[in-house]
Amino acid sequence: MLLNFHDYRAQARKRLPRFLFDYIDRGAEDETAPRQHRADLDALRFRPDMLTGHATRDLSVVVFNKQLPFPLIVAPTALAGLVLHNGEIALARGAETLSLPYCVSTQAITSIEAIRAGAPEADLWFQLYVWKNREQMRSLLQRVAGCGIDTLVVTADTPVLPNREYNLRNGLTTPLQPSFRVALDLALHPRWSLQVLTTYLRQGGLPQLGNYPPAFRTRVGRAAMAADFTIDHCLSWRDIAELRRAWSGRLLVKGILTVNNAEQAFREGADGIVVSTHGARNLDSVVSTARALPPIADAVGDKLTLLADSCIQRGSDVIKYLALGARAVMLGRAPLWGLTAGGQKGAEAMLTLLGREIDLTLALLGREALSDLEGCIDKEDGGDANPRSNCSLAARSALEQV
Ligand SMILES: Cc1cc2nc3c(=O)[nH]c(=O)nc-3n(C[C@H](O)[C@H](O)[C@H](O)COP(=O)(O)O)c2cc1C
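Read on for an overview of the structure. (Residues numbered from 1 in each chain as written. Predicted model: local features only at pLDDT ≥ 70, side-chain atom pairs only at ≥ 80, totals over all residues. Heavy atoms only, no water.)

Below, the discussion takes up the site of the ligand. Among the 21 residues in the neighbourhood of the ligand, the closest are listed as Pro76, Ser105, Thr155, Asp309 and Arg333. One of the backbone N or O atoms of glycine 332 is found 2.9 Å from an oxygen atom in the ligand. Within the complex, 99% of the 600 Å² of free accessible area of the ligand lies under protein. The residue inventory of the shell around the ligand, partitioned by class, reads eight nonpolar, nine polar and four charged. (Near = heavy atom within 4 Å. Polar contact = N/O pair within 3.5 Å; in protein donor to acceptor, adjacent residues only side chain to side chain. Areas by Shrake-Rupley, 256 points an atom, 1.4 Å probe, with all protein chains shown as cover. Nonpolar A, V, L, I, M, F, W, Y, C, P; charged D, E, K, R; others polar.)

Take helix α13 (residues 289–300) next. Each full turn of the α-helix corresponds to 3.6 residues, which orients residues three or four apart in the same direction. Under the 1.5 Å per step criterion, the end-to-end length of α13 is 16 Å for twelve residues, consistent within 8% with the ideal 16 Å. By the burial criterion, the buried members of α13 are Thr289, Ala290, Ala292, Leu293, Pro294, Ile296, Ala297 and Val300. (Helix = DSSP H or I, 4+ residues; strand = E, 2+ residues; numbered from the N terminus. Expected span 1.5 Å × (residues − 1). Buried < 20%, exposed > 50% of the residue type's maximum accessible area, 1.4 Å probe, protein only.)

Another point: the pairing of strand β8 (residues 272–275). Of the two faces of β8, the one lined by Gly272 and Val274 and the one lined by Ile273 and Val275 are each fully buried. Where strand β7 (residues 250–256) and β8 come together, four bridges link them in parallel fashion. Counterpart to isoleucine 256 in the pairing with β8 is valine 275. As a crossover connection, the stretch from β7 through helix α12 (residues 259–267) into β8 is right-handed. In this sheet, strand β9 (residues 305–308) lies alongside β8 in parallel orientation, the contact comprising four bridges. For valine 275, the partnering residue across the bridge sits in β9 and is alanine 308. Regarding the hand of the β-α-β motif, the stretch spanning β8, α13 and β9 is right-handed. (Pairing = 2+ DSSP bridges. Right-handed = clockwise from strand over helix to strand, strands pointing away.)

Together, Phe180, Leu184 and Leu188 make up an exposed nonpolar region whose accessible area comes to about 360 Å². Position of leucine 188 among the secondary structure elements: in helix α9 (residues 180–188). (Patch = residues over 30% accessible without salt bridge, like charges linked within 9 Å, V, L, I, M, F, W, Y side chains within 5 Å. Salt bridge = Lys/Arg side-chain N within 4 Å of Asp/Glu carboxyl O.)

See below:
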């Protein structure tokens, strides 16, 4: 029975080859960041209101003038098309069915045009890794705009590839080295090998990064990415300013963790930021989202749309990020575990399950709406003067005890 995030994850562990499960699931280096994120989220305790008498709860939030039924956005995840054949289209359709946005990764397997064609009504966003070759990057942005996408999320937290040693051990290398270990991994996961890998092979070869221009397109695992298309190591605020001038739609910067950077994003004309540690997958000793968020919300919460993510496993985690100042959250691993379990329907089921947990938590908190989370996190000072900063103060004092 798949009753929660952990059940979906456990099933994915069985179904996916180890190199893919670990790639999705794990952190970097000694993996202190995922543990710290969980410790900080778990350390936040709620203080519920009793006998408030609400028959139903309102789980909707407004993000960029659009009402979402739940405060959830499907995060950009590279290689989602390896989890399932045409996995990105399934994610887009699932998000479309639930009326939630789906942010497509630059490093999707399926091209943005094919995802749009597969889910014409989906609220698609696009995540940009800035390529060294800016001309090629600009033509990618034209293709994105041509798909009717007006929300661009620029990832700022990956100037270099993080140190994930298990990828090397598992054989997830570029180029892919044929090895006994990979062969055994594939043999032990025949369902994935047949349904995903064989389907791609029958259609012309190993899966590709579909958003890369055909002339340079990398067959995943077959060749090193051409230098022009590696992520620019020298990305700076000048690039954000340039993107602001070049992109007429909404612009978000993803991976912001300090007040200074959040204020700079505002000054450069960003419409929003994602307070994110990339799922605790990049810098291993990074501050957790739960610790980074409150001061950022205090500083720019009324000027920028604040989204948050990393290591969400329960609806209560979502409510905690919202209580700390986020408007909505992004989810990376959870929809991928859903996708593994049951394709589009599985992704929908995972997201719906989190929605139910959000509703349950809200009911147990005695609150009627997500806009009413003031003072719901346990705090020492008991003051109620300024709701927004009370939440932040409350969270901070709780976190300082971790
Ligand atoms: C398998 C995987 C691939 C990812 N690929 C990208 C990516 O291409 N671009 C990006 O900005 N973030 C990427 N992320 C980070 C997510 O967008 C998001 O910040 C993170 O997954 C949130 O944490 P969670 O997975 O615990 O929900 C990836 C995350 C995972 C798990």
